[in-house]
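# Descriptive structure summary
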Amino acid sequence: MKSIKELEAIRERALKEMSIRNNENKTRIVVGMATCGIAAGARQVMNAFVEELNKRNIHTVNVAMTGCIGVCRYEPIAEVIEPNGEKTTYVKLDAEKARRIVAEHIVNGKPVMEFTIGAAEK
Amino acid sequence: MKDLSLHILDIAQNSVRADADHITVSITVEGRPGILKIVVSDNGKGMEPEFLQKVTDPFTTSRETRHVGLGIPLLKQSAELAGGTFSIRSVVNEGTEVCATFPVDHVDRIPVGNVAETLVMLVESHPEITWEFIFASERDRFEFSLAEVKKALEDVSVTNRYVKEWIQNTLNEGFMSVFGGVLDEVN
């Protein structure tokens, strides 16, 4: 069984990393994770975001969960909020779409228009 | 919901919204043939008796963004469809306890799912809350207290990725050692 003593080493490692990295001005990805989101598969979407970001070694993006965004019929929903406050709302997501958002929006800076709420409401 | 861990993810957020600062999630298997019991308890603001009475009605919710609240009714349904039970107790200003039981071997019992991952997500989203997780069966007992972890970490956040990884591994090991061989899907 793991023990709390292991945390000492982890603490050192984390402190070392914190000194080189500044966490200001992060882009945030917020995934709706209320009953509606969870039932629609939001957890796989959130995992896909986290895994894809880790795979690409991107540590400048925070992935967080939030409650119901208010348009349950479009779940799973995620919002990409850039440091300048600009927000893109993506709807009806799945793991594959999440990975594309990381590649195209986060890495290349081009929102995936076809997955946005604007495109869905047309 | 496809598995019990998703229900836990959902129900625990009710506790968060009730302004709890201490939330306990306990998963236990008792007896033979076993009964799987999931309890989420908090020290949040609780509910008035009138609200508590209708809380399993899908058209009851405390939120204002929409008029339906399905978290509790769905858990009740999952439990009852699998021959289990559902109960909820609440005292205003003291807290709420949601309890669902599932006969382990019932053909309609949904699998437990990835519990460690769910719990890490909860910690990550609400690191300010003192989470406590308990797994127990005839085989073993495992307890996890975020307060202890915070104490050991001092100035490092529990949401640091190395810490998260450690928490997830710790919970996974605990879960395996408690439920391996007890629940079919855990091996």
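As shown above, the structure is provided for reference.
What comes next is a walk through the structure.

What counts, and at which threshold
- Residues numbered from 1 in each chain as written.
- Chains lettered and ligands numbered in written order.
- Predicted model: local features only at pLDDT ≥ 70, side-chain atom pairs only at ≥ 80, totals over all residues.
- Helix = DSSP H or I, 4+ residues; strand = E, 2+ residues; numbered from the N terminus.
- Contact = placed C-beta atoms within 7 Å.
- Nonpolar A, V, L, I, M, F, W, Y, C, P; charged D, E, K, R; others polar.
- Expected span 1.5 Å × (residues − 1).
- Buried ≥ 20, exposed ≤ 12 C-beta atoms within 10 Å, placed from the backbone.
- Axes fitted to C-alpha atoms, helices over the stretch in contact; angles between N-to-C directions.
- Parallel < 35°, antiparallel > 145°, perpendicular 65-115°, else oblique.
- Left-handed = near helix turned anticlockwise from the far one by under 90°.
- Core = buried A, V, L, I, M, F, W, Y, C linked by C-beta atoms within 7 Å.
- Pairing = 2+ DSSP bridges.

All names here are of chain B. With respect to the helices, strands and loops of the structure, V29 is situated in strand β1 (residues 22–30). Residues V29 and E138, 109 residues apart in the sequence, show an inter-C-alpha distance of 7.5 Å. Aside from chain neighbours lying at most four places away, what touches V29 is G34, I35, L36, V104, S137, F179, V182 and L183.

With 26 residues of chain B at the interface, the matching set in chain A holds 23 residues. Tallying contributions element by element places helix α6 (residues 161–179) of chain B first for the side of chain B that touches chain A, with seven residues. Here the side of chain B that touches chain A is composed, by residue class, of 13 nonpolar, eight polar and five charged.

Right, let's get into helix α3 (residues 42–55) of chain A. In this model α3 of chain A runs 20 Å from its N-terminal to its C-terminal C-alpha over 14 residues, within 8% of the 20 Å that 1.5 Å per residue would give. Residues A42, R43, V45, M46, A48, F49, V50, E52 and L53 of chain A constitute the buried set of α3 of chain A. Packed against the buried residues of α3 of chain A are β1 (27–32), α2 (35–40), β2 (61–66), β3 (78–81) and α4 (95–107) of chain A together with α1 (4–17) of chain B. N57 of chain A lies just past α3 of chain A and shows a positive phi near 60 degrees.

With that settled, the discussion passes to the packing of α1 of chain B against helix α4 (residues 115–125) of chain B. Residue and element names in this part refer to chain B. Closest axis-to-axis distance for the α1/α4 pair is 9 Å, and the angle between their directions is 20 degrees. Here α1 is positioned roughly parallel relative to α4, judged by the angle of their axes. The interaxial crossing formed by α1 with α4 has right-handed handedness. Contact residues: α1 offers S5, I8, L9 and A12, while α4 offers V115, T118, M121 and L122. Its residues placed into classes, the contact of α1 with α4 shows six nonpolar, two polar and no charged.

Bringing the nonpolar core into the picture now. Grouped together as the largest cluster of nonpolar side chains are 80 residues, with contacts concentrated most on V45, M46 and F49 of chain A together with L119 of chain B. Contacts of M46 of chain A, omitting those with residues within four sequence positions, involve V31, M33, V63 and M65 of chain A.

Residue and element names in this part refer to chain B. Between its first and last C-alpha atoms α1 spans 20 Å; for 14 residues at 1.5 Å apiece the expected length is 20 Å, and the two agree. Within α1, twelve of the 14 residues are buried, leaving the element largely enclosed by the surrounding structure. By the burial criterion, the buried members of α1 are L4, S5, L6, H7, I8, L9, D10, I11, A12, Q13, N14 and S15. Downstream of α1 by a residue or two, D19 has a phi angle that is positive, lying close to 60 degrees.

With that settled, consider the pairing of strand β4 (residues 87–90) of chain A. Residues and elements named next belong to chain A. Of the strand pairs in this sheet, β3 and β4 are connected by four bridges, and their pairing is antiparallel. The partner of A78 across the bridge, within β4, is Y90. What sits between β3 and β4 in their antiparallel hairpin is a turn of five residues, with G85 showing a positive phi close to 95 degrees.

Two strands in a sheet stick together by hydrogen bonds in their backbones, pointing the same way (parallel) or opposite ways (antiparallel). Residue and element names in this part refer to chain A. On the basis of which strands lie adjacent, the open sheet formed by four strands has the order β2-β1-β3-β4 and mixed pairing. The sheet terminates laterally at β2 and β4, the two strands that pair on one side only. For this sheet, the mean angle separating the axes of adjacent strands, direction not counted, is 20 degrees. Two strands pair when backbone bridges link them, and β1 and β2 are joined in this way by six bridges, in the parallel orientation. Within β2, the residue paired with R28 across the bridge is N62.

On to the packing of α3 of chain A against α4 of chain A, then. Residues and elements named next belong to chain A. It is the contact of α3 with α4, at a shortest axis distance of 8 Å, that shows an interaxial angle of 35 degrees. The way α3 lies across α4 gives a crossing that is right-handed. Taken together, the residues of α4 that come into contact with α3 (itself represented by Q44, V45, A48, F49, E52 and L53) are A95, A98, R99 and V102. Looking at side-chain class alone, the contact of α3 with α4 contains seven nonpolar, one polar and two charged residues.

On to the sheet that holds strand β6 (residues 141–145) of chain B, then. All names here are of chain B. Reading across from one edge, β3-β4-β2-β1-β5-β6 is the order of the six strands in this open sheet, with mixed pairing throughout. A single partner strand is all that each edge strand has here, and the edge strands are β3 (85–91) and β6. Along the sheet, successive strands turn relative to each other by an average axial angle of 10 degrees, direction set aside. The pairing of β1 with strand β5 (residues 130–136) spans seven bridges and is classified as parallel. Paired with I23 across the strands is W131, a residue of β5. Its contacts with the sheet put helix α3 (residues 71–81) on β3 and β4 (95–103), and the angle it makes with β3 is roughly 145 degrees.

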